[in-house]
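Listed below, chain by chain, are the residues.
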Amino acid sequence: APAAFLRLGVARPVAVGSEGCTARSQLEAPDAPTRGPKAAMRLQGNRPLRAALVLATTTAIAPNAGRGRLFLDSASVDAWRELLPTGLFYGVTTNPTILKRDKVPCTVPDVAKLARTALGAGCQEIMVQAWGGSVDAYEKCSLDLLDAVGAADHLVIKLPLTRDGVVAAHRLRDEAHLCMTACYGREQALVANALKASYLAPYLGRMSDAGLDGAAECQRIQGCLDGCRSPTRLLVASLRSASTVFDVLSWGSDATFGPDVARELLSSARTDAAAAAFEEDALFEQPLLDDSAG
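Scoring rules and cut-offs
- Residues numbered from 1 in each chain as written.
- Predicted model: local features only at pLDDT ≥ 70, side-chain atom pairs only at ≥ 80, totals over all residues.
- Heavy atoms only, no water.
- Buried < 20%, exposed > 50% of the residue type's maximum accessible area, 1.4 Å probe, protein only.
- Helix = DSSP H or I, 4+ residues; strand = E, 2+ residues; numbered from the N terminus.
- Pairing = 2+ DSSP bridges.
- Right-handed = clockwise from strand over helix to strand, strands pointing away.
- Phe/Tyr/Trp six-rings, centres within 6.5 Å; stacked < 30°, edge-to-face > 60°.
- Salt bridge = Lys/Arg side-chain N within 4 Å of Asp/Glu carboxyl O.
- Core = buried A, V, L, I, M, F, W, Y, C linked by side-chain atoms within 4.5 Å.
- Contact = heavy atoms within 4.5 Å.
- Polar contact = N/O pair within 3.5 Å; in protein donor to acceptor, adjacent residues only side chain to side chain.
- Axes fitted to C-alpha atoms, helices over the stretch in contact; angles between N-to-C directions.
- Parallel < 35°, antiparallel > 145°, perpendicular 65-115°, else oblique.
- Left-handed = near helix turned anticlockwise from the far one by under 90°.
- Nonpolar A, V, L, I, M, F, W, Y, C, P; charged D, E, K, R; others polar.
- Disulfide = S-S within 2.5 Å.

Digging into the pairing of strand β5 (residues 177–183)
For β5, the buried fraction is high: five of the seven residues fall into the buried class. Relative to β5, strand β4 (residues 155–160) is paired through five bridges, and the arrangement is parallel. Bridge pairing in β5 links Ile157 to Leu178. Handedness of the crossover joining β4 and β5 through helix α7 (residues 163–172) is recorded here as right-handed. Judged from the four bridges that link them, β5 and strand β6 (residues 199–202) form a sheet pairing that is parallel. If you follow Cys183 over to β6, its bridge partner there is Pro202.

As for the packing of aromatic side chains
Taken as a whole, this structure holds four aromatic pairs when the rule is applied. Relative to Tyr90, the ring of Phe71 lies with its centre 5.8 Å away and its plane at 70°, an arrangement referred to as edge-to-face. Of this pair, Phe71 sits in strand β1 (residues 70–73) while Tyr90 sits in the loop between α3 (77–83) and β2 (91–93); the two residues are 19 residues apart in sequence, bridging distant segments of the chain. Considering the side-chain rings of Phe71 and Tyr199, the 5.8 Å spacing of their centres and the 85° angle between planes classify their relative orientation as edge-to-face. Highlighted residues: Phe71 in strand β1 and Tyr199 in strand β6, separated in sequence by 128 residues. The pair formed by Phe71 and Tyr199 is uniform in burial state, with each residue classed as buried.

Focus on unusual backbone geometry
We note that Lys103 has phi near 60°; this positive angle belongs to a residue other than glycine. Summarising the element assignment, Lys103 is placed in the loop between α4 (96–101) and α5 (108–120). Even without being a glycine, Lys196 presents a positive backbone phi close to 55°. Summarising the element assignment, Lys196 is placed in the loop between α8 (189–195) and β6. With a relative accessible area of 48%, Lys196 lands in the partly exposed category.

Comments concerning the pairing of β4
With six of six residues buried, β4 is to be regarded as a mostly interior element. Crossover connection from strand β3 (residues 125–129) via helix α6 (residues 135–149) to parallel β4: handedness right-handed.

Comments concerning the pattern of salt bridges
One pass over the full model with this rule turns up 12 salt bridges. Across the pair Arg233 and Asp254 runs a salt bridge whose closest N-O atoms are separated by 2.8 Å. Residue Arg233 is found in strand β7 (residues 233–236), and its partner Asp254 is found in strand β8 (residues 254–257); the two are separated by 21 residues along the sequence. A residue is classified by how much of its surface remains accessible, and Arg233, at 21% relative accessible area, is partly exposed.

Brief notes about the nonpolar core
The biggest cluster of nonpolar side chains holds 61 residues, and the ones touching the most others in it are Ile157, Leu159, Met180, Leu200 and Phe257. In contact with Ile157, other than residues within four places in its own chain, are Val128, Ala130, Ser142, Leu145, Leu146, Ala176, His177, Leu178 and Cys179. Val156, Cys179, Tyr199 and Ala201 belong to the second-largest nonpolar core, a separate cluster that totals eight residues.

Regarding the side chain of Ser238
Note that Ser238 resides in the loop between β7 and α11 (242–250). Here the side chain of Ser238 touches Arg206 through a polar contact of 3.2 Å, landing on its backbone nitrogen. If we skip the residues at most four places from it in the chain, Ser238 touches Tyr203, Leu204, Gly205, Arg206 and Thr256.

As for the packing of α5 against α6
Between α5 and α6, the least distance of the axes is 9 Å, while the angle of their chain directions is 50°. Classified by the interaxial angle, the pair formed by α5 and α6 is oblique. The way α5 lies across α6 gives a crossing that is right-handed. Here Val108, Val111, Ala112, Ala115, Arg116 and Leu119 of α5 come into contact with α6, specifically with Asp144, Leu145, Ala148 and Val149. Of the residues that constitute the contact of α5 with α6, the class distribution is eight nonpolar, no polar and two charged.

Examining the packing of α6 against α7
Where α6 contacts α7, the two axes come as close as 8 Å, and the packing angle between them is 45°. Classified by the angle their axes make, α6 and α7 are oblique. Judged by the twist between their axes, the crossing of α6 over α7 is right-handed. Counting all contacts with α6, which are made through Val135, Asp136, Tyr138, Glu139, Ser142 and Leu143, the residues of α7 involved are Asp164, Gly165, Val167, Ala168, Arg171 and Leu172.

Description of the state of the cysteines
Here the structure, examined in full by the defined rule, presents zero disulfides. The closest cysteine sulfur to the non-disulfide-bonded Cys141 is located on Cys106, 7.0 Å from its own sulfur. Of the residues examined, Cys141 reaches a relative accessible area of 6% and is grouped as buried. Left without a disulfide partner, Cys224 is nearest to the cysteine sulfur of Cys228, which lies 4.1 Å away. The partly exposed category is assigned to Cys224, whose relative accessible area is 24%.

All we've got here are geometric facts, nothing functional implied.
This is the structure:
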């Protein structure tokens, strides 16, 4: 993308009560200020206090408020430009397969640049997967990414639930936020919980492809994490329809999905028709009364 299109840097935390990305209507240029005059005007007065009161009320009514984070599963800056300004997404998820699909080289400098771009676009978290295939390689790659991005509070390192991935995660548990990925069975929730990983990512669609009941397995995993009072959030991946995203959030989990599913969430022929009717009615003019009439 052109340099004028992106602002590389770390986004500031969002205002109290906000969960989604703070992306503007367009990603800003590198030298653009973090907050413009309009943003400063919006923060004047008692807005933070009102937001805090709304959050407190919502938490009292709905104790699970704060769940249901949505992540965009994409490394395409074009897709980010299209979809992040909707405010739907808490962050972005990537892995080497997604990088290959979106033509991003799987190197520490390139992935770090991509991560800084996502944070500059307002994402609260960006997930990147370490590579190397051995304990030492996973650890080194993870630490190199943390150093290169320079935003450890907003960067989540993904590691596979292999033995080497688990040992590397154990070494890194005090260094990084972790997402244990490529989960295919409910028993693997016990591993993520023991590691105190920030996220566990089961592949619902691929589990179903393998002959399992992917939705039922994910619900059992969420039940296990709830029963253990685990700090680990369930981030369900391999979602292929908006209706499946609805199901995932309905049982209290997070969801990550690609741009096509995101567009499906934002598309409804009936809603479009209703909106068009509103616009047509807004142009309607009442006939003027004739004052000359007796």
